[in-house]
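# Coordinate inspection notes
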Amino acid sequence: MKICFPVEKDSGPDSMVYGHFGSAPAFMVFDTETMEKKTLVNNDVHHAHGMCSPLKALSGEHVDAIVVSGIGAGALAGLNRAGIRVYKAFYGSVQENLKAVKIGGLPLFTQAHTCAGHGNCAH
């Protein structure tokens, strides 16, 4: 399974999960089968508020799941339509959240948990 984590910068598994999907400068993608890691630049970081294109942000990279602290309703809906599960991260590193998702310890993001605006985020 390929799991994507929004990050501010690539510090390997010790990178902190970024607070919001759409404004994350980069994404780290881990393949849980091969343990390979890839870092992607967010190709949609300068979008207008509420106009995030999550698949453009991921540069077309196929992922099975995203672990994030905050995300807008439109981005969540777009990812879900593409068959991508979105999990709510807890505060911590990519490594800690990766372990949690592997054992089923992170909840799926729902529309009720999404950001209504960058000043009103639930994260």
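Report on the accompanying structure. Note that the structure is predicted; figures quoted are calculated from it, not measured. (Residues numbered from 1 in each chain as written. Predicted model: local features only at pLDDT ≥ 70, side-chain atom pairs only at ≥ 80, totals over all residues. Heavy atoms only, no water.)

### What about the overall build of the protein chain?
Put simply, the rule reads: Strands are runs of DSSP state E lasting at least two residues, helices are runs of H or I lasting at least four, and both sets are numbered from the N terminus onward. Here's how the labels work: a residue is buried when its accessible area is under 20% of the maximum for its type, exposed when over 50%, partly exposed in between, all with a 1.4 Å probe on protein chains only. It only takes one pair of heavy atoms within 4.5 Å for two residues to be counted as in contact. Accessibility throughout is a Shrake-Rupley quantity obtained with a 1.4 Å probe, and a residue counts as covered only by protein chains that appear here.
For the protein chain, the helix and strand inventory stands at three helices and five strands. When the helices and strands of the protein chain are read in sequence order from the N terminus, they spell out β-β-β-α-β-α-β-α. When each of the 123 residues of the protein chain is scored for burial, the buried share is 46%. Here the contacts in the protein chain between residues at least 6 apart in sequence split such that 50% fall between residues at least 24 apart. Just so you have it, the protein chain exposes about 6300 Å², and 54% of that area is on carbon and sulfur atoms.

### With respect to helix 3 (residues 94–102)
How we decide: By arc we mean the arc of the directions from the helix axis to the C-beta atoms, nothing more.
Along helix 3, the residues that are buried comprise Val94, Asn97, Leu98, Ala100 and Val101. Looking down the long axis of helix 3, one finds its buried residues gathered within 165° of arc, a one-sided arrangement. Positive phi shows up at Gly104, right after helix 3, with a value of about 75°.

### Some remarks on the sheet that holds strand 2 (residues 26–31)
For the record, the criterion: Pairing between strands is defined by DSSP: at least two bridges between the two strands are required. Here, axes are lines fitted to C-alpha atoms. For helices the fit covers the stretch in contact, and angles between N-to-C directions go from 0 to 180 degrees.
Spatial ordering of the open sheet is given by 3-2-1-4-5, a layout of five strands whose pairing is mixed. Only two strands of the sheet have a single neighbouring strand rather than two, namely strand 3 (37–41) and strand 5 (85–88). Averaged over all pairs of adjacent strands, the angle between strand axes in this sheet comes to 25°, irrespective of strand direction. Pairing geometry for strand 1 (residues 2–7) and strand 2, over six bridges, is antiparallel. Across the sheet, Cys4 pairs through a bridge with Val29, a residue of strand 2. The strands touched by helix 3 within the sheet are strand 1, strand 2, strand 4 (65–68) and strand 5, with strand 1 carrying the most contacts at an inclination of about 145°.

### What to know about the pattern of salt bridges
Put simply, the rule reads: Salt bridge criterion: a side-chain nitrogen from Lys or Arg within 4 Å of a carboxyl oxygen from Asp or Glu.
With the rule as written, the count across this model stands at three salt bridges. Ionic pairing is found between Glu61 and Lys2, a salt bridge with its closest N-O pair at 3.3 Å. With a gap of 59 residues between them, Glu61 in the loop between helix 1 (54–57) and strand 4 and Lys2 in strand 1 connect regions that are remote in the sequence. Relative accessible area serves as the criterion here: at 26%, Lys2 is assigned to the partly exposed category. The salt bridge involving Asp10 is made with Lys37; its shortest N-O contact spans 2.6 Å. Placement of Asp10 in the loop between strand 1 and strand 2 and of Lys37 in strand 3 is noted, with a sequence separation of 27 residues between them. The class of Lys37 is partly exposed, set by a relative accessible area of 38%. One continuous salt-bridge network, built from bridges that share partners, spans Lys2, Lys38 and Glu61.

### Here's the deal with the nonpolar core
Our working rule: Grouping buried Ala, Val, Leu, Ile, Met, Phe, Trp, Tyr and Cys residues that are joined through side-chain atoms within 4.5 Å yields what is termed a nonpolar core.
Of all hydrophobic cores here, the largest spans 17 residues; its most connected members are Phe21, Leu58, Ile66, Ile71 and Leu79. When residues of this core are traced back to their parent elements, those giving at least two are strand 2, strand 4 and helix 2 (73–81). Per element, the largest residue contribution to this core is three residues, and it comes from helix 2. What Ile71 contacts, discounting residues up to four positions off in sequence, is His20, Phe21, Leu76, Leu79, Val86, Phe109, Thr114 and Cys115. Membership of the second largest hydrophobic core comes to 16 residues, among which are Val7, Phe30, Tyr87 and Leu98.

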